[in-house]
Amino acid sequence: MKLESAEVQICTATAVVGAPSPTGQISLAAKVQGSGDESKDGEEMFVPPLNFAMVDYGVFRSGFPDTANFTFLQTLGLRSIIYLCPEPYPEHNIEFLKCNGIRLFQFGIDGCKEPFVNIPEDTIHEALKVVLDIRNHPLLIHCKRGKHRTGCLVGCLRKLQRWCLSSIFDEYQRFAAAKARISDQRFMELFDISSLKSTCQSYNSIQKQSS
């Protein structure tokens, strides 16, 4: 993992990638009084990114955040973002990270479609280490749509949290919907969590103390 910038700490990898269970996507935009992007009646709009949901205390997931989502993301007090696409992070997103002191971890998983899907297991391991480090929380995990790459990483986290496979697949399918991939579910089923168990135990212990 390499530090790319002193102002916005961007960690990259050469290959890609408790608490309450998520209740699904957040589809409503909250409105409060304030400045910034405003609706017609002068109320500021807080718009979550596509497929946004809480994964665990201090851990969130979504599709790619756009400028319309920045005000909402500020309410989360993020310390870190895990970005699971190989493309460079857009300049306006980089500027948002600089202004809010958010660290970017990039794990470039190619968004290939079946049957040519290759999810690097070692990179998922590295991304999980970032998720399990409480010092990086609050943290947002995202790819392009918040479905496949994000779904695989969250699914592997659920294995560490001792979720049964049927619950892991149900959560994955809730976000992937008609785009669910058998290969993703097979990857989660076969993913080896043994090397991360000690890290996860420390994480779960801290989460219980804070709940």
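Quick caveat: nothing in here was measured; it's all calculated off a predicted structure.

**Some details on the overall build of the protein**
Moving on, step 1. A count of helical and extended segments in the protein gives 7 helices and 9 strands.
Moving on, step 2. The buried share among the 211 residues of the protein stands at 46%.
Moving on, step 3. Only carbon and sulfur atoms are counted for the fraction: they give 50% of the accessible area of the protein, which is about 10,700 Å².

**Section: the packing of aromatic side chains**
Moving on, step 1. In total, this model carries 7 aromatic pairs according to the counting rule given.
Moving on, step 2. Seen in terms of ring centroids, Phe52 and Phe72 are 5.0 Å apart; in terms of plane orientation they differ by 85 degrees. Their pairing is edge-to-face. Residue Phe52 is found in the loop between strand 4 (43-46) and strand 5 (53-56), and its partner Phe72 is found in helix 1 (residues 70-74); the two are separated by 20 residues along the sequence.
Moving on, step 3. Classification of Phe72 as buried rests on a relative accessible area of 13%.
Moving on, step 4. Sitting over the face of the ring of Trp163, Arg158 holds its NZ or CZ atom 4.1 Å from the ring centroid.

**Section: the pattern of salt bridges**
Moving on, step 1. All told, the structure shown has 4 salt bridges when counted by the stated rule.
Moving on, step 2. Arg135 is the partner of Asp133 in a salt bridge, and the nearest nitrogen-oxygen pair spans 2.8 Å.
Moving on, step 3. With relative accessibility at 63%, the residue Arg135 sits in the exposed group.
Moving on, step 4. For Glu189, the salt bridge goes to Arg186, with nearest N and O atoms at 3.6 Å. Residue Glu189 and its partner Arg186 are located together in helix 6 (residues 182-190), separated by 3 residues, close to a single helical turn.
Moving on, step 5. With a relative accessible area of 34%, Glu189 lands in the partly exposed category.

**With respect to helix 2 (residues 91-100)**
Moving on, step 1. Every buried residue belonging to helix 2 is among Asn93, Ile94, Phe96 and Leu97, and all of these are buried. All buried residues of helix 2 lie within an arc of 155 degrees about the axis, which places them on one face of the element. Away from its buried face by more than 90 degrees, helix 2 exposes Glu91 and Cys99.
Moving on, step 2. Just downstream of helix 2 lies Gly101, where phi reads positive at about 65 degrees.

**Some words on the state of the cysteines**
Moving on, step 1. On inspection of all chains with the given rule, the structure shows 0 disulfides.
Moving on, step 2. Cys143 takes part in no disulfide bond, and the closest cysteine sulfur to it belongs to Cys85, at a distance of 5.5 Å.
Moving on, step 3. Here Cys143 falls in the buried class, since its relative accessible area comes to 2%.
Moving on, step 4. No disulfide involves Cys152; its nearest neighbouring cysteine sulfur is the one of Cys156, lying 6.6 Å away.
Moving on, step 5. Residue class for Cys152 comes out buried when judged on its relative accessible area of 2%.

**Topic: the confidence of the model for the protein**
Moving on, step 1. Taken over all residues, the pLDDT of the protein has a mean of 81, while the share at 70 or more is 72%.
Moving on, step 2. Taken together, the stretch residues 9-36 has pLDDT below 50 and engages in 85 contacts with residues farther than four places along the chain or on a different chain.

How each quantity is defined
- Residues numbered from 1 in each chain as written.
- Predicted model: local features only at pLDDT ≥ 70, side-chain atom pairs only at ≥ 80, totals over all residues.
- Heavy atoms only, no water.
- Helix = DSSP H or I, 4+ residues; strand = E, 2+ residues; numbered from the N terminus.
- Buried < 20%, exposed > 50% of the residue type's maximum accessible area, 1.4 Å probe, protein only.
- Areas by Shrake-Rupley, 256 points an atom, 1.4 Å probe, with all protein chains shown as cover.
- Phe/Tyr/Trp six-rings, centres within 6.5 Å; stacked < 30°, edge-to-face > 60°.
- Lys NZ or Arg CZ within 6 Å of the ring centre and 35° of its normal.
- Salt bridge = Lys/Arg side-chain N within 4 Å of Asp/Glu carboxyl O.
- Arc of directions from axis to C-beta.
- Disulfide = S-S within 2.5 Å.
- pLDDT = per-residue confidence, 0-100.
- Contact = heavy atoms within 4.5 Å.

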